[in-house]
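Structural features, examined
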Amino acid sequence: MLNTMRENAGSWIIKVLLGIIVVAFIFMGAGSFNASRTSKIATVNGEAISADQFQRAYYNILENLRSQFGNSLNDEMIKMLNVKKQAMDSVIDATLLRQAAQKNGLRIPDEELAISITSIPAFQKNGAFDKERYKILLGQNRLTPETFETIQKEAMMMDQMRSLITRSAKVSDNEARAWYQWENTSLDINYVDFKPETFTDIEITDKMIADYFAAHKEDYRTSPQAQARYIKFDPAAYKAKITVTPEEITQYYAEYPDEFKSPETVTARHILFNLPEKATAEEAEAVRLKAVDVLKKINAGEDFAQLAKTHSDCPSKEKGGDLGSFTREQMVKPFSDAAFALTVGSVSEPVRTQFGWHIIKSDAHNPEATASIEEATPGISEKITTQKAKTIAYNAAESLYNSTFDGEEFVKNAKSNSLDLVTTDFFDIAKGPKDIANGKAFAEIAFKLPLMEVSDIAEIDNAYYLIQVIKNEPEKIPELDVVKDQVRADVLREQQKNAAEKAAGQFLEKAKSAGTLAAAAGENSGIKIKSTGSINRNGTIPGIGNDQTLIAAAFNLTEKNKLPEKVVQAETGLYVIELKERKAPLDLGFKIAEKNIIDRVLQQKRMKLYDSWIAKLRDSSEIKESSNF
């Protein structure tokens, strides 16, 4: 939670700037990564789309995904989300939108353009447009004012076109009420889960293994393998030989003063009462009252840390709600404002953020400070030593590389320079060698090398490598004996799943005949009927989580049909479910949130209108994508 709060608190000012012009930036293709990226990868009604435009769209989408998923975003997720197609679609759609705006004769007067640019917060200082700031920020993105003004004018013109497309959208009172009912209806269901792993009385024969392997051979095909040898030039190995003079420390301290300034921070702990972002006013007030009850206990003298362990919905609860020290910018604004206003030892009233309600306690308030040169010396010395060591390591790698003209010389030169030449086991491109921490980075370099050729100097995890691939093995389907244990495990999983599906199906049929899950279970102690308690469409199920397949199946149940037609094969397992209670939301909640609901439904309708319009425009346009893309 702490990391999420910090990540959502804000972004670099330049990202704010780029966010304003992102659509226009895509099709303008300002700047380039290298000459090859200006090549044409698609055409839209005869207008070329360059690789540079695609790359900008691709990295914009990646940046948005990183802000959502943080370090959990990996290559598999990027592939699953089909970011490449998303980027291409966004460039094509932006081009079609701009072409339509031009065809409809839309124009942006210079006065409107000036007002738009001078109103952008990124270009303002103390609330007023600052021309120097404007030029500096554009320069950092390799843009001239003339280029940016063209981009901004195009973006505004496209916004006008989008408004023309969606202005017919309207939301009636009945539509708003229906959405409110749909969004806020809650359920309580009974369920029995059938976990495949609990079905252990299963015999796996050699024939079952052989038959399964024969039917699924492709699943066991190995990826291409490589074996390499390498020399690692680790800067750490050179540190002991390096000295740092007092003059170098003094010079560094003078050149980088900002490094030695410590910003104002607060050390605090909190208790979070979680609340969905789309919570109704009624739900928000109910959670706030829970926070007030805990605050009363704190004010009565109960231990804050212990109450955090008991009541907080934040992972920091395990540390008594301790968030450590943070700057104003590292937390969302309402949280920071409250935390920095507290005196040390005091506790806040409940504070609302996008995450829910917080009770905050200040443990320390640390003013801005600048370290003296004496205090900074150890750190400066370490930085200079590290940089010198990297330089020495790189020079050593460069020296060997420059004296190596073929594969055989690589081995000879390593020996003559008393360098360790390490030979790896066979590895694939996904994982790389086992003895290298960042094996994937190593493998990506190795798999691009011709056999026996020495790589350029590669930096991997702060060390330098020279790599030579000495053997390649193509992909292949191994013999059954090689993967028999893996096949056996796969057969067991399949049989357990089949057994669980059969048991769940039989139990559901029995429940349909008996009328309820309880009647079907009878005296069978092996059947455990559980209840979810009150759940809504966007919430989580206690003990299960946010299983949308299961939640959707539950909301398909009615008073007339309390049992499902078939076993629910959800994301978290197999379930037989039963409607226990359906509860409609209070009409008062609609009256409180009516404007917000209408705005949200209106936005959805506008998005549908725009998506439908762009789909029709695509159908009537000539769009060609390069076969090499």
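As shown above, the structure is provided for reference.
Residues numbered from 1 in each chain as written. Predicted model: local features only at pLDDT ≥ 70, side-chain atom pairs only at ≥ 80, totals over all residues. Heavy atoms only, no water.

**Some remarks on the overall build of the protein chain**
Check the secondary structure of the protein chain and you find 22 helices and 19 strands. The C-alpha extent of the protein chain, read off along each of the three principal axes, is 85 × 80 × 70 Å. Residue burial in the protein chain is summarised as follows: out of 629 residues, 39% are buried. Look at the contacts in the protein chain between residues 6 or more apart in sequence, and 71% of them connect residues 24 or more apart. Treating the 80 positive side-chain charges of the protein chain as one cloud and the 90 negative ones as another, the clouds have centres 4 Å apart. (Helix = DSSP H or I, 4+ residues; strand = E, 2+ residues; numbered from the N terminus. Buried < 20%, exposed > 50% of the residue type's maximum accessible area, 1.4 Å probe, protein only. Contact = heavy atoms within 4.5 Å. Lys, Arg positive; Asp, Glu negative; His and termini not counted. Charge placed at Lys NZ, Arg CZ, Asp CG, Glu CD.)

**So, the packing of aromatic side chains**
Evaluated as defined, the whole model comprises 22 aromatic pairs. With a centroid separation of 5.5 Å and 85° between ring planes, the pair formed by Phe-123 and Phe-148 is classed as edge-to-face. Taken together, the residues span a long stretch of sequence, with Phe-123 in the loop between α7 (110–118) and β3 (124–125) and Phe-148 in helix α9 (residues 145–166) at a distance of 25 residues. Here Phe-123 matches Phe-148 in class, with each residue buried. Among the aromatic residues, ring-to-ring pairing joins Tyr-230, Phe-427, Phe-442, Phe-447 and Tyr-465 into one connected group. When the ring centre of Tyr-610 is taken as origin, the NZ or CZ atom of Arg-162, which lies over that ring, is 5.5 Å away. (Phe/Tyr/Trp six-rings, centres within 6.5 Å; stacked < 30°, edge-to-face > 60°. Lys NZ or Arg CZ within 6 Å of the ring centre and 35° of its normal.)

**Quick word on the sheet that holds strand β8 (residues 265–274)**
Pairing is antiparallel in the open sheet, where four strands are placed in the order β9-β8-β11-β10. Since the sheet does not close on itself, it has two edges, and those belong to β9 (322–326) and β10 (351–353), each with one partner. Sheet twist, expressed as the mean angle between neighbouring strand axes with direction ignored, is 40°. As paired elements, β8 and β9 share four bridges and run antiparallel to each other. Each residue of the ladder has a partner; that of Val-266, found in β9, is Phe-326. (Pairing = 2+ DSSP bridges. Axes fitted to C-alpha atoms, helices over the stretch in contact; angles between N-to-C directions.)

**Observations concerning the pattern of salt bridges**
All chains considered together, the criterion is met by 35 salt bridges. For Asp-188, the salt bridge is made with Lys-580, and the minimal N-O distance between the two is 3.8 Å. Of this pair, Asp-188 sits in strand β5 (residues 186–194) while Lys-580 sits in strand β18 (residues 573–583), and the two are 392 residues apart along the sequence. Judged by relative accessible area, which is 46%, Lys-580 ranks as partly exposed. The salt bridge involving Arg-493 is made with Asp-490; its shortest N-O contact spans 2.3 Å. In this pair, Arg-493 and Asp-490 are both assigned in helix α19 (residues 480–514), three residues apart and thus about one turn of the helix distant. With relative accessibility at 15%, the residue Asp-490 sits in the buried group. (Salt bridge = Lys/Arg side-chain N within 4 Å of Asp/Glu carboxyl O.)

**Things to note about the nonpolar core**
Among the nonpolar cores identified, the biggest contains 44 residues, and Ile-49, Tyr-58, Val-83, Phe-123, Phe-148 and Met-161 are the most heavily contacted of them. Within the residue set of this core, elements represented by two or more residues are β1 (40–44), α4 (51–69), α5 (75–80), α6 (83–103), α7, α8 (131–140), α9 and α22 (587–619). In terms of residue count, α6 provides more of this core than any other element does, ten residues in total. Discounting chain neighbours no more than four positions away, the residues touching Ile-49 are Ser-39, Lys-40, Ile-41, Ala-42, Val-44, Val-91, Ile-92 and Thr-95. Among the nonpolar cores identified, the runner-up in size contains 17 residues, and Ile-535, Ile-544, Ile-577 and Leu-579 belong to it. (Core = buried A, V, L, I, M, F, W, Y, C linked by side-chain atoms within 4.5 Å.)

**Quick look at unusual backbone geometry**
Phi at Ser-418 is positive, roughly 55°, even though this residue is not glycine. Residue placement: Ser-418 occurs in the loop between α17 (407–416) and β13 (422–423).

**A short note on the environment of Lys-484**
Mapped onto the fold, Lys-484 is located in helix α19. Spatially, the C-alpha atoms of Lys-484 and Asp-75 are 29 Å apart, while their sequence positions differ by 409 residues. Aside from chain neighbours lying at most four places away, what touches Lys-484 is Asp-206 and Ile-209.

**What about the sheet that holds strand β15 (residues 463–473)?**
Spatially, four strands are ordered β13-β6-β15-β14 in an open sheet, and the strand pairing comes out antiparallel. Whereas interior strands pair on both sides, the edge strands pair on one side only; in this sheet they are β13 and β14 (458–460). Note: β14 against β15, three bridges, orientation antiparallel. Following the sheet pairing, Ile-460 is matched in β15 by Ala-463. Across the face of the sheet, helix α18 (residues 439–446) comes into contact with β6 (225–233), β14 and β15 while running at roughly 60° to β15.

**What to know about the side chain of Glu-183**
For Glu-183, the position within the fold is in helix α10 (residues 173–184). Setting aside chain neighbours within four positions, we find Glu-183 in contact with Lys-278, Asn-538 and Arg-600.

**Focus on the environment of Glu-259**
Of note, Glu-259 is situated in the loop between α12 (246–255) and β7 (261–262). Judged by its relative accessible area of 37%, Glu-259 falls in the partly exposed class. Taking C-alpha positions, Glu-259 is 53 Å from Gly-533, a pair spaced 274 residues apart along the chain. Only 2.8 Å separates the side chain of Glu-259 from the side chain of Tyr-252, close enough to count as a polar contact. (Polar contact = N/O pair within 3.5 Å; in protein donor to acceptor, adjacent residues only side chain to side chain.)

**A few points about α19**
In this model, α19 (35 residues) spans 48 Å end to end at C-alpha, consistent with the 51 Å of a helix rising 1.5 Å per residue. At Gln-486, α19 shows its strongest bend, of approximately 40°. For α19, the set of buried residues is Val-483, Val-487, Asp-490, Val-491, Gln-496, Ala-500, Ala-504, Phe-507, Leu-508 and Ala-511. Taken together, the buried residues of α19 touch β5, α11 (206–215), α20 (517–521) and β18. (Expected span 1.5 Å × (residues − 1). Bend = angle between axes of the 7 residues up to and from the residue.)

**Remarks on the pairing of β18**
For β5 and β18, the ladder comprises nine bridges, and the chain directions are antiparallel. When the sheet's bridge partners are listed, Leu-187 is paired in β18 with Arg-582. Examined bridge by bridge, strand β17 (residues 568–570) and β18 share three bridges and lie antiparallel to one another. Of the residues in β18, the one forming a bridge with Val-568 is Tyr-575. Counting the residues between successive antiparallel strands, the hairpin from β17 to β18 contains two residues.

**Remarks on the environment of Pro-585**
One can find Pro-585 in the loop between β18 and α22. A relative accessible area of 15% means that Pro-585 is categorised as buried. A sequence separation of 191 residues divides Pro-585 from Tyr-394, and the C-alpha atoms of the two residues are 67 Å apart. Once you skip the residues sitting within four places of it in the chain, Pro-585 turns out to touch Tyr-180, Gln-181, Asn-184 and Thr-185.

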